Amino acid sequence: MNESRHSPAQTLDAQAMTWLAHQALAAPEGHWDELRGLSLAPTPDGLAPDAQMSRAWQTFIEHLAGEGLQGLNARMANLQRQVRDNGITYNVYAAADQPQRPWSLDLFPLMVPEANWQQIEAGVLQRMQLLERIMADAYGPQKLVLNGQLPAALIQGHPAYLPAMHGVPPVGGRYLSVAAFDLARGPDGCWWLLSQRTQAPSGLGYLLENRLIVSRLFPQAFEAFPVQRLAETYRTLIDGIKARSPAGASAHIALLTPGPYNETYFEHAYLARYLGLSLVQGNDLTVRDERLYLKTLQGLQPVHGLLKRVDDDWLDPLELRAESTLGVPGLLQAVRSGNVLVANTPGSGFLESNALLGFMPSLARALLDEELQLPAIPSWWCGEAAALQDVLPRISSCVIKPTYPYNTDRQSFEPVLGHQLSRKEQDEWAGRILRDPDAHTLQSWLPLSHQPTWQTPPGGQARIESRPVVLRVFAVADAQGGWQVLPGGLARLGTREGIASMQRGGSSADVWVQAASAEGNAHSSNSSCAETGSPHRFAPRDDASNPAMASGSHSVMASEARPSMSSPDTSVSDTPHGSPRRFAPRDDESASGMANASPTPQRQRLVTSRAAENLFWMGRYTERTENTLRLVRLSLEILNSENQNQPLLLNFITRMAARHGLVRPGVPAAGLSHRVFERSMIAGLWDKTLATSVGFNLRSVRLAASSVRERLSPEHWRLLEQAESRFFNSVASDNSQDTVEVQALLGETSQMLAALTGAQTDRMTRDDGWRLLSIGRHIERLEFLSSALSEAVQGGLIGEQAGFDAVLDLFDSTISFHAQYQQSRTPQALMDLLVTNPDNPRALGWVAHTLRSRLLRMGNLADGATVPLADWVPRLVDLTPEALWPLYSAPDAHFTGSAQPLPLHAALAHCQSAARQVSDQLCALFFTHSGEARFSFGA
């Protein structure tokens with residue numbers, strides 16, 4: 001056999017690699033090219049000169065399953081579909097009336113060879129240790145300031161420094177539990193530190209989703225690289241927090257979120273579900289006797305650890321921002337008393353200052369007796385006279401950054417690129433710096449490395465383009481007192497013109513870190529980069545004045561424009577392809593029991609008062625939407641059928657539409673003007689300001705669900721979003737004059753709501769939260785159906801066939817009636833099926849019986865206060881049809897003015913009053929706390 005011959009797949013792969021190497025746009029001159037593993041000068045047409053791809057990219061292309069680059073469009077479409085299906089969003093100050101913004105993820109991963117990662121890992125671990133030492137000194141002896149190694153303006157003078165925490169030992173012996181480091185690769189191939197995040201670093205949830213999606217798209221390349229797994233680090237994070245918390249291994253850990261309107265709320269809910277944490281907002285918590293408690297339906301439950309996603313300023317309105325509604329009054333005192341571990345310890349925000357980077361080399365020598373292994377971008381704090389005098393003449397080659405964060409009383413601003421300023425603007429900035437030097441920090445401008453991305457512009461041809469990339473790496477504290485670096489990270493991609501933060505439209509990429517078992521590593525240069533000292537705290541290798549560092553067109557816009565608001569444990573494991581398994585079990589509930597050698601007793605999931613209220617109204621709004629949809633569909637069918645001239649039917653739909661707010665006051669009755677009534681009813685469907693419209697109720701379902709998103713599976717959430725999106729973006733909403741289109745839309749929406757009902761009924765664990773959701777549905781159904789039947793009887797509909805059938809339709813019981821009674825349209829048959837039947841879920845008897853059982857089942861709450869409520873609900877299943885509608889009464893008895901009132905009327909009135917009273921009492925017991933005993937607050 002001739003060994004020089006190649007298989008078709010090998011030939012295709014070779015052709016693909018050749019095409020990629022020549023067609024992919026090269027990184028701009030002076031920037032490291034991640035695809036080719038070096039810094040090179042492109043040809044005049046922007047394409048790459050002859051250059052081999054890096055070893056990592058060769059491995060990646062060789063394992064595209066024989067399809068080469070031809071299948072990338074399909075993979076990209078699959079990626080975008082998964083992002084939508086999983087409900088991954090990132091919103092900038094999200095508003096209730098704005099659509100969710102899908103998470104932006106690129107097709108190609110950022111691949112980090114083992115040699116590069118070893119340098120990053122060692123450098124990050126060292127810096128984590130250094131930050132802990134600085135934090136300990138700042139809130140302890142403060143020798144660094146006293147000895148002149150750090151200026152007081154960057155510690156006590158920093159707005160994020162909390163004097164209230166000075167002298168307080170950290171709970172569990174560690175100030176920092178998790179930190180993020182933003183890195184970029186320079187033109188020399190060395191990774192440089194751009195910034196560090198210690199207050200509430202984001203990205204841990206998004207990078208899990210990135211890994212889950214991208215690894216499934218390229219499973220063969222993922223295994224061949226091979227890629228290090230992520231799940232162990234998350235387990236380490238939770239184990240470490242538990243070990244350091246006051247309660248140890250049995251600690252109750254919660255994740256504190258600003259709420260569903262925060263731009264990264266998806267990540268908060270995802271992490272809470274994945275890690276098995278209680279997702280809480282500030283008003284879910286209370287401090288009693290210097291201890292932190294969670295307000296639940298079961299009473300106050302202790303919280304021993306808090307993983308916060310709220311910036312420190314907002315944590316405690318008693319001692320920090322008085323206007324904050326995101327925090328917990330008294331939280332700092334609970335921390336000072338050692339009764340709760342907050343990760344990270346409040347007051348770490350000063351470590352994020354850009355100015356601090358310039359002092360780190362000397363601090364490492366003083367505190368660790370070591371040289372830094374991971375260099376940081378040269379930084380000069382202008383509050384230091386020598387640094388100001390040295391760097392100000394070179395403002396054109398620097399990035400001007402704020403020393404202090406936004407939302408403080410110190411001056412702050414967006415980072416500014418010196419080389420993009422005119423000479424006049426540079427002089428103006430120099431004047432500002434001289435007037436307030438402490439507030440300004442200058443950093444050398446670093447040309448960022450470029451990562452290949454797959455671009456599919458609308459209407460254009462898909463192609464590979466390079467984009468600047470910043471790598472966010474995370475380090476977490478373990479249970480043994482050390483730290484561990486997550487073997488991966490979140491890659492943030494900018495536009496070709498410059499790096500952009502996620503708030504400004506940037507994209508992201510998965511990060512593949514090569515495992516140690518790989519044979520051979522991709523080329524890397526200068527892997528032994530290290531910082532050296534300088535007279536001005538930091539100026540390593542004179543790169544600040546190096547022409548290579550001052551050329552090109554990209555910025556180190558590393559500082560995020562971050563807004564000021566930022567249960568039982570569960571198992572965390574990897575999929576066969578190494579991506580963490582999505583922690584969202586099919587029954588919508590978080591599984592309990594972190595992998596542990598010893599068996600643990602079964603626990604009931606805690607239900608916060610806020611979650612309970614949202615679940616209750618989620619149930620009510622879902623049922624209300626279904627009911628109004630069915631009423632509108634029935635009305636439109638009557639108005640466009642052979643029964644459109646029957647006065648009793650027209651009077652019935654007029655009264656029901658008016659009662660439920662489906663037409664505005666003043667609209668002529670259906671009997672007076674069919675078309676005007678119909679047009680008015682249709683026009684109100686999408687009215688978001690009309691609290692009774694279908695659109696308003698449908699949107700309310702989604703808003704209530706967003707506050708308990710950690711309880712919903714991705715499929716459940718997707719159903720909600722799809723139902724709302726299709727309803728408001730349908731052709732019918734734009735062409736509401738077409739009744740056929742409108743009826744088709746209503747039918748489709750009804751089908752989606754039926755699926756949603758199935759998800760709520762059979763895909764959620766039946767804890768007290770689910771029972772409140774179910775109670776909300778049954779209260780709504782009991783009131784709607786009893787009022788509808790009362791209107792029908794009073795309007796004489798039961799005495800004529802069309803009216804009789806309309807009532808069956810509204811109760812969604814037409815098929816059941818014909819199967820049981822054929823054509824026997826008697827009032828007693830109707831009572832049997834729609835009122836007293838214990839097996840028909842649309843019968844009032846079944847609804848009332850189920851409502852009673854739910855209330856009795858919750859008798860363990862609020863000192864049994866729900867048990868008396870069950871007695872208010874009528875026992876309709878114990879009645880006979882004849883007891884409600886005696887045989888001697890005519891089908892139109894009420895309508896013809898019979899002297900003997902039907903017993904049915906009293907029963908229906910009882911149903912309506914019971915539904916309202918039970919709802920009011922539940923709200924008073926668990927939600928509004930207006931009663932004398934505030935049960936969700938009391939232990």
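Provided above is the structure to which this section pertains.
Rules behind the numbers
Residues numbered from 1 in each chain as written. Predicted model: local features only at pLDDT ≥ 70, side-chain atom pairs only at ≥ 80, totals over all residues. Heavy atoms only, no water. Helix = DSSP H or I, 4+ residues; strand = E, 2+ residues; numbered from the N terminus. Buried < 20%, exposed > 50% of the residue type's maximum accessible area, 1.4 Å probe, protein only. Areas by Shrake-Rupley, 256 points an atom, 1.4 Å probe, with all protein chains shown as cover. Axes fitted to C-alpha atoms, helices over the stretch in contact; angles between N-to-C directions. Parallel < 35°, antiparallel > 145°, perpendicular 65-115°, else oblique. Left-handed = near helix turned anticlockwise from the far one by under 90°. Contact = heavy atoms within 4.5 Å. Pairing = 2+ DSSP bridges. Salt bridge = Lys/Arg side-chain N within 4 Å of Asp/Glu carboxyl O. Phe/Tyr/Trp six-rings, centres within 6.5 Å; stacked < 30°, edge-to-face > 60°. Expected span 1.5 Å × (residues − 1).

## Description of the overall build of the chain
Helix and strand counts for the chain come out as 28 helices and 22 strands. Counting across all 939 residues of the chain, residues that qualify as buried make up 61%. Summed over all atoms, the accessible surface of the chain reaches about 34400 Å², with 50% contributed by carbon and sulfur.

## Looking at the packing of helix α14 (residues 609-639) against helix α16 (residues 674-683)
Viewed as axis vectors pointing N to C, α14 and α16 meet at an angle of 155°, and their least axial separation amounts to 11 Å. The angle between the axes of α14 and α16 places the two elements in the roughly antiparallel class. For the element pair α14 and α16, the recorded crossing hand is left-handed. Residues V632, S635, L636 and L639 of α14 pack against H674, R675, F677, E678, M681 and I682 of α16.

## With respect to helix α24 (residues 827-836)
For α24, a buried count of nine out of ten residues is recorded, marking the element as mostly surrounded by other parts of the structure. Every buried residue belonging to α24 is among P827, Q828, A829, L830, M831, L833, L834, V835 and T836, and all of these are buried. Where α24 is buried, its residues touch α21 (768-794), α22 (801-810), α23 (814-821), α25 (844-857), α27 (881-884) and α28 (903-927).

## Observations concerning the sheet that holds strand β7 (residues 278-280)
Reading across from one edge, β7-β6-β11-β12 is the order of the four strands in this open sheet, with parallel pairing throughout. Each edge of the sheet is formed by a strand with only one pairing partner; in this case those strands are β7 and β12 (341-343). For this sheet, the mean inter-axis angle between neighbouring strands, taken without regard to orientation, is 25°. Along the sheet, helix α9 (residues 265-275) makes contact with β6 (253-256) and β7, crossing β7 at roughly 150°.

## Points about the pattern of salt bridges
Per the counting criterion, the structure on display carries 42 salt bridges. Here E623 makes a salt bridge to R777, at a shortest N to O gap of 2.8 Å. Note that E623 is positioned in helix α14 and R777 in helix α21, a separation of 154 residues in sequence. Overall, the relative accessible area of 0% leaves E623 in the buried class. Residue classification places R777 among the buried positions, given a relative accessible area of 6%. Here E678 and R675 are joined by a salt bridge, their closest N and O atoms 2.9 Å apart. Of this pair, E678 and R675 both sit in helix α16, three residues apart, which is roughly one turn of that helix. Given the relative accessible area of 1%, E678 is considered buried. Connected through shared salt-bridge partners, R620, R624, E780, E783 and R916 make up one network.

## Examining the packing of aromatic side chains
Counted under the stated rule, the structure contains 26 aromatic pairs. Geometrically, the ring pair formed by Y270 and Y274 is stacked, given 6.2 Å between the ring centres and 5° between the ring planes. Of this pair, Y270 and Y274 both sit in helix α9, separated by four residues, roughly a single helical turn. Of the two residues examined, Y270 and Y274, each falls in the buried class. Look at F817 and Y821: their rings are 5.1 Å apart centre to centre, the planes differ by 35°, and that puts the pair in the tilted class. In this pair, F817 and Y821 are both assigned in helix α23, four residues apart and thus about one turn of the helix distant. In terms of burial, F817 and Y821 fall into one category: buried.

## Details of the environment of D182
Checked against the element boundaries, D182 lands in strand β4 (residues 178-185). Residue D182 is classed as buried on the basis of its relative accessible area of 1%. Taking the C-alpha atoms as reference, D182 lies 6.0 Å from L193; in sequence the two are eleven residues apart.

## Side note on the sheet that holds strand β10 (residues 299-302)
As summarised here, the arrangement of the three strands in space is β8-β9-β10, forming an open sheet in which the pairing is antiparallel. At either end of the open sheet lies a strand with only one pairing partner, and these are β8 (285-288) and β10. Averaged over all pairs of adjacent strands, the angle between their axes in this sheet comes to 45°, without regard to strand direction.

## Quick notes on helix α6 (residues 204-217)
Helical geometry note: an α-helix holds 3.6 residues per turn, so side chains three or four residues apart project in the same direction. The first and last C-alpha atoms of α6 sit 21 Å apart over 14 residues, in line with the 20 Å expected at 1.5 Å per residue. Judged by how many residues are buried, α6 sits mostly within the fold: 13 of 14 residues are covered.

Taken by themselves, the reported measurements are silent on function.
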